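Now for the letters of each chain:
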Amino acid sequence: MSWDIDSIRRDFPVLSQTVRGKPLVYFDSAASAQKPRQVVEAVDAYYTTYYANIHRGVHELSMRATDAYEAARKRIAKAIHAADPREVIFVRGATEAINLVASSWGRGHLSKGDEILISMMEHHANIVSWQLIAEQTGAVVKAIPMGEEGVLDMDAFDRLLSDRTKILAIGHISNALGTVHPVRAMVDKAHARGIPVLVDGAQAVPHMPINVQELGCDFYVFSGHKVFGPTGVGVLYGRGEVLESMPPYQGGGEMIRSVSIEKTTFRDIPERFEAGTPHIAGAIGLAASFDYLEGLGWDNIHAWEASLLAYATERMEEIPSVRIMGPKDNKASVISFVMEDVHPHDIATVLDAEGIAIRGGHHCAQPLMRALGVSSTARVSLAPYNTKEEVDTLIKTLQKIHTMFAE
Ligand code: C6P
């Protein structure tokens, strides 16, 4: 495979620094990925050479900015294989995208006794947004339980799907464990009963090519900052006819056709859902991040991350007090673990003193933590810029922690 790790690492200037006197080892990409200079340069070019607001001006800079923003929409539609760029709505991130659907779709479709089906393994964004609309409409949130550790109970899923189910909202990949859920099969089963499906792809988009038409889902959401793009921008993909049937989420400039004090009429998608000045630089940067990832090649990314994951897992299993949570197979680049007699925050703190960044906590997945019987875990998450040498550095410090606390 054509993979020049030194050259890839040079694309990420932030990586070549010392932290606490040690070379930085960044293993927290599931929380937020570092940015390649190609993304930074695309944002920089907008701010330094054609900065203006979009859609409003007839002047040159505004037209250039509008073209770049709409080109970004097209670029992202192509990356996720949306049938039409109008199906790509720019939002603040996965959280806002789910809230948009829960609020706008939910208000029109949910009433007392209806069921919203999620899973025990969701990120809070895909739980709380639904609880809020359930409270307003009288609907009920039900959750697919975990079967084996870290894997959804598909028999229970079959049992939970019923005539009362009005929407299925499911993660593509668990942020806390890396489990890849069988979303295609779940979409088919839901659709067989006429139930629409939202897929939370926040942890999938950085690791695999997404084809929303093949998945068949009605909504797909993700955040730019986890895909090597800017913070504050993300995408709600929605099937055109579903989005067109939904009322606005927020009111304001750019989403209207005409306004009088008595009545307002709204524009079509995507503008109907993009009230106010959007994150123009964010959209431009996000398009550049897909250029970057596709330039590396998805097969190459997968091969590199899979070999790092296998190596790190094998080395971590050598440490007696380490217990890796979740499935062994069919998982993305996340290793969630606990160590006997050591709190995950202490693991993260000791690693930080060695310049190694990981996340320790409940990962905004408290129902999942409860189902696993822990309050938190330590989480190592891998990205294309990580190396085996960095894994070795991690292992050395984990061994030290084992000796310090657990022996
Ligand atoms: N997970 C993590 O460390 P926002 O905050 O809107 O960009 O993304 C929310 C979100 C939604 N769904 C999933 C599956 C996620 O993983 C996240 C963010 C981060 O795991 C921060 S808690």
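Conventions we followed
Residues numbered from 1 in each chain as written. Predicted model: local features only at pLDDT ≥ 70, side-chain atom pairs only at ≥ 80, totals over all residues. Heavy atoms only, no water. Near = heavy atom within 4 Å. Polar contact = N/O pair within 3.5 Å; in protein donor to acceptor, adjacent residues only side chain to side chain. Areas by Shrake-Rupley, 256 points an atom, 1.4 Å probe, with all protein chains shown as cover. Domains from an automatic or database assignment. Helix = DSSP H or I, 4+ residues; strand = E, 2+ residues; numbered from the N terminus. Contact = heavy atoms within 4.5 Å. Phe/Tyr/Trp six-rings, centres within 6.5 Å; stacked < 30°, edge-to-face > 60°. Buried < 20%, exposed > 50% of the residue type's maximum accessible area, 1.4 Å probe, protein only. Lys NZ or Arg CZ within 6 Å of the ring centre and 35° of its normal. Buried area = accessible area lost by both parts, 1.4 Å probe.

Asker: Could you give me a rundown of the site of the ligand, with the residues and numbers involved?
Answerer: Near the ligand lie 15 residues; those nearest to it are Thr 95, Asp 200, Ser 223, His 225 and Arg 359. Interatomic distance of 2.8 Å between a side-chain N/O atom of Asn 175 and an oxygen atom of the ligand. A distance of 2.7 Å separates an oxygen atom of the ligand from a polar atom in the side chain of Ser 223. Considering the ligand on its own, with 510 Å² of exposed area, one finds that the protein chains cover 86% of that surface. Taken together, domain 1 (5–31 + 297–406) and domain 2 (40–294) each give at least three residues to the shell around the ligand, which thus spans both.

Asker: Which residues make up the side chain of Arg 315, and what values do they have?
Answerer: On the secondary structure map, Arg 315 appears in helix H11 (residues 298–317). Beyond its immediate chain neighbours, meaning those up to four positions away, Arg 315 contacts Asp 392, Ile 395 and Gln 399.

Asker: Explain the environment of Gln 213 residue by residue, including any values.
Answerer: Assignment of secondary structure puts Gln 213 in helix H8 (residues 212–215). Leave out the neighbours within four places in its chain, and Gln 213 touches His 81, Ala 82 and Ala 83. Within the structure, the side chain of Gln 213 is placed 2.8 Å from the backbone oxygen of His 81, a separation counted as a polar contact.

Asker: Any chance you could break down the packing of aromatic side chains for me, citing the residues and the numbers?
Answerer: Scanning the model with the defined rule gives 11 aromatic pairs in all. Here the aromatic rings of Phe 222 and Phe 290 are separated by 6.0 Å at their centres, their planes lie at 80 degrees, and the arrangement is edge-to-face. Separated by 68 residues along the polypeptide, Phe 222 in strand S9 (residues 219–223) and Phe 290 in helix H10 (residues 280–296) bring together distant segments of the chain. Taking the relative accessible area as the measure of exposure, Phe 290 reaches 3% and is therefore buried. Taken together, the aromatic side chains of Phe 12, Phe 228, Tyr 292 and Tyr 385 make up a single cluster linked through ring pairs. Taking NZ or CZ as reference, Lys 388 lies 5.3 Å from the ring centre of Tyr 311, over its face.

Asker: If you had to explain the domain arrangement of the protein chain to someone new, which residues and values would you point to?
Answerer: Per the domain assignment, the segments of the protein chain are domain 1 (5–31 + 297–406) and domain 2 (40–294). A separation of 28 Å is found between the C-alpha centroids of domain 1 and domain 2. Tallying the contact residues gives 35 residues for domain 1 and 30 residues for domain 2. Taking both sides of the interface into account, the surface hidden between domain 1 and domain 2 amounts to around 2,700 Å²; carbon and sulfur atoms contribute 61%.

Asker: Tell me what's going on with the environment of Leu 309, and back it up with residues and numbers.
Answerer: Summarising the element assignment, Leu 309 is placed in helix H11. Its relative accessible area of 11% is what places Leu 309 among the buried residues. The spacing of Leu 309 and Ala 383 is 74 residues in sequence and 9.8 Å in space, taken between C-alpha atoms. Look past the residues within four positions of Leu 309 in its chain and what remains in contact with it is Lys 331, Ala 332, Ser 333, Val 334, Ile 335 and Leu 382.

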